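# Observations on the three-dimensional arrangement
Chain by chain, the residues run as shown.
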Amino acid sequence: MNVRYVAAIDQGTTSTRCILFDRAGRLVSIAQREHTQHFPNPGWVEHDALEIWRNTGAVVKEALRRAGATYADVAAVGLANQRETVVIWDPSTGQPVTPAVTWQDTRTAVLAEELRTAGEVGRVEELTGLKPEAYYAGPRLRWLLDHTPGLRDRAERGEVIGGTMDSWLIWNLTGGPAGGRHVCDVTNASRTLLMDITTCAWHPELLDLLAVPRALLPEIVPSIADHGTCTSVLPGIMIGAALGDQQAALFGHTCFSPGEAKCTLGSGGFVLMNTGDTQVHSTHGMITTVGYQLAGRPVVYALEGSIAVTGSLVQWLRDGLKLIRYPAEVETLALTVPDNGGCYVVPAFAGLYTPHWRSEARGVIAGLTSFINRGHLARAVLEATAWQTLEVLEAMEADTGIRLPALRVDGGMTANNLLMQLLADIIAVPVERQMVAETVSLGAAFGAGVAAGFWSGPPDLPRDPTPAGRWTPGLAEDDRAKHRGRWRRAVQSAMLWGPDGEAN
């Protein structure tokens with residue numbers, strides 16, 4: 001069979017896309033559809049899993065049409081997905097019995113606090129590499145079981161199944177009610193607080209601690225392996241990879257050696273560093289996680305810093321405040337002023353992640369005066385991403401002793417040239433934008449192509465050593481230190497403001 005392409009399905013926080021890549025790693029065609037963001041209560045963020053499944057079929061069909069391709073042209077498909085987002089469904093009908101509760105949702109903050117006050121932090125961190133936080137998938141499953149009438153009994157009887165979005169898509173792609181595979185890749189499983197990060201298996205102690213029945217959960221499988229054959233959407237095509245989106249980006253950047261790192265700036269922001277076969281347990285708020293696993297090979301671990309809100313802050317300017325009509329307009333608006341006018345935005349919509357881990361924190365706009373206009377606010381929104389990235393890089397350096405000589409970036413926000421310069425100024429190292437900005441999708445495609453033999457293995461994957469853009473620092477150190485101090489005070493204000501407006 002003369003296959004020409006590998007397909008990637010990137011099921012993200014705000015949209016689902018399908019991209020076809022050729023053997024040189026070049027983007028051939030892309031199709032994308034946004035899905036609705038539901039906010040039923042303050043701090044709650046939900047998606048409709050059926051809408052996402054319908055969009056998946058639509059974008060695959062459109063990507064093939066735009067490339068003039070057929071199923072026979074595709075060697076394999078790889079999946080990347082928004083991590084920590086969960087859904088529970090009835091396998092006899094294929095209908096979700098809960099909304100998809102997203103990784104940005106904070107309703108499990110009380111449960112996470114109960115685990116911490118019960119003295120479970122050390123044991124949970126020992127087994128999972130993670131601290132008990134509202135961020136992770138397991139507490140969301142627990143919440144749904146506790147708050148949906150009759151659901152826990154059904155889960156214990158095996159009448160419903162659940163998992164992260166890779167599980168939902170693979171189950172549907174491989175047959176759904178007619179025998180779909182219920183699996184979860186090891187990178188997504190590592191973000192549940194339910195998997196032993198050393199054995200890569202569901203741990204009975206963790207299942208008991210979070211009261212999640214084993215019958216509900218999928219089988220844990222390697223990231224890059226034969227996950228089954230599609231019976232719909234891409235019939236007859238093998239699913240060759242499934243990775244959490246940020247691990248997919250790590251693979252897409254070909255960060256295969258310990259110490260290599262990447263930064264993805266999409267709805268949220270994520271910095272991952274390959275640590276090889278070593279689990280680096282952070283003392284500075286970083287996450288120990290699984291980087292990826294090829295079938296038949298040992299797990300590769302990573303150290304991660306997570307930022308809850310980056311690109312979604314721009315989306316809030318558009319949809320919430322109506323200050324801009326489309327995301328790219330934020331750069332134009334920010335360029336109307338020379339600086340932020342003394343204004344700082346801390347977007348703790350879902351609490352603060354690395355390095356603070358304060359789920360009760362709430363967003364603040366600090367330094368407001370009558371001088372501040374729309375341009376200053378737009379600039380402060382962009383700077384918020386840069387300051388949060390600096391905090392993550394400082395924590396990573398403190399844990400590893402490695403200072404990155406440059407920061408490799410990808411994701412939708414990297415199209416903003418002003419942000420790239422602000423980022424270089426604030427982190428004080430060069431910023432390099434990759435030729436393929438959609439590195440999450442590229443990583444999923446790379447993994448699927450390796451599993452299908454489209455490429456012989458990681459060393460055979462195409463690499464482009466020349467960045468598409470490079471920005472060097474241009475901010476004087478005294479000015480940087482002054483603004484750093486103001487940012488810290490703004491963050492302290494966010495941590496003092498509790499979810500109900502009460503002081504923490």
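Right above here is the structure, for reference.
Described in the following lines is the structure provided in the data block. Everything numeric here is computed off the predicted structure, so don't read it as measured data.

## Section: the overall build of the protein
- A count of helical and extended segments in the protein gives 15 helices and 23 strands.
- In terms of overall dimensions, the protein is globule-like: its C-alpha atoms have a radius of gyration of 22 Å, near the 23 Å expected for 504 residues.
- Viewed in the frame of its principal axes, the protein has a C-alpha envelope of about 60 × 50 × 45 Å.
- Counting every position in the protein, which comprises 504 residues, the buried fraction comes to 63%.
- Carbon and sulfur atoms make up 52% of the accessible area of the protein, which totals about 18300 Å².
- When the 42 positive and 53 negative side-chain charges of the protein are each reduced to one mean point, those points stand 5 Å apart.

## Overview of the packing of helix H1 (residues 49-67) against helix H6 (residues 165-173)
- Following both chains from N to C, one finds H1 and H6 inclined at 55 degrees, their axes separated by 11 Å at the closest point. In terms of orientation, H1 lies oblique with respect to H6. Viewed along their axes, H1 and H6 form a crossing whose handedness is right-handed. In this structure, H1 contributes Ala49, Leu50, Ile52, Trp53 and Thr56 to the contact, and H6 contributes Met165, Trp168, Leu169, Asn172 and Leu173.
- Looking at the contact of H1 with H6 residue by residue, the classes come out as eight nonpolar, two polar and no charged.

## Some words on the pattern of salt bridges
- Evaluated as defined, the whole model comprises 31 salt bridges.
- Asp90 serves as the salt-bridge partner of Arg154, at 3.1 Å between the closest nitrogen and oxygen. Taken together, the residues span a long stretch of sequence, with Arg154 in helix H5 (residues 151-156) and Asp90 in strand S6 (residues 86-90) at a distance of 64 residues.
- Owing to a relative accessible area of 13%, Asp90 belongs among the buried residues under this scheme.
- Salt bridges sharing common partners tie together Arg83, Glu84, Arg191, Asp245 and Glu304.

## Thoughts on the pairing of strand S1 (residues 5-11)
- Within S1, seven of the seven residues are buried, which leaves the element mostly enclosed by the surrounding structure.
- Alternating residues of S1 divide into Tyr5, Ala7, Ile9 and Gln11 and Val6, Ala8 and Asp10, and every residue in both groups is buried.
- With six bridges joining them, S1 and strand S2 (residues 15-21) adopt antiparallel strand pairing. Counterpart to Ile9 in the pairing with S2 is Cys18.
- Between the antiparallel neighbours S1 and S2 lie three residues.

## A word on the state of the cysteines
- A complete count under the given rule lists zero disulfides for this structure.
- Looking at the unpaired Cys263, the closest cysteine sulfur is the one in Cys255, lying at 11 Å.

## Focus on the sheet that holds S2
- Here we have five strands laid out as an open sheet, ordered S3-S2-S1-S5-S14, and mixed in their pairing. Two strands bound the open sheet, and with one partner strand each, they are strand S3 (27-34) and strand S14 (239-244). Taken over all neighbouring pairs, the strand axes of this sheet differ in orientation by 15 degrees on average, direction set aside.

Rules used in this analysis
Residues numbered from 1 in each chain as written. Predicted model: local features only at pLDDT ≥ 70, side-chain atom pairs only at ≥ 80, totals over all residues. Heavy atoms only, no water. Helix = DSSP H or I, 4+ residues; strand = E, 2+ residues; numbered from the N terminus. Rg over C-alpha atoms; globule rule 2.2 N^0.38 Å. Buried < 20%, exposed > 50% of the residue type's maximum accessible area, 1.4 Å probe, protein only. Areas by Shrake-Rupley, 256 points an atom, 1.4 Å probe, with all protein chains shown as cover. Lys, Arg positive; Asp, Glu negative; His and termini not counted. Charge placed at Lys NZ, Arg CZ, Asp CG, Glu CD. Axes fitted to C-alpha atoms, helices over the stretch in contact; angles between N-to-C directions. Parallel < 35°, antiparallel > 145°, perpendicular 65-115°, else oblique. Left-handed = near helix turned anticlockwise from the far one by under 90°. Contact = heavy atoms within 4.5 Å. Nonpolar A, V, L, I, M, F, W, Y, C, P; charged D, E, K, R; others polar. Salt bridge = Lys/Arg side-chain N within 4 Å of Asp/Glu carboxyl O. Pairing = 2+ DSSP bridges. Disulfide = S-S within 2.5 Å.

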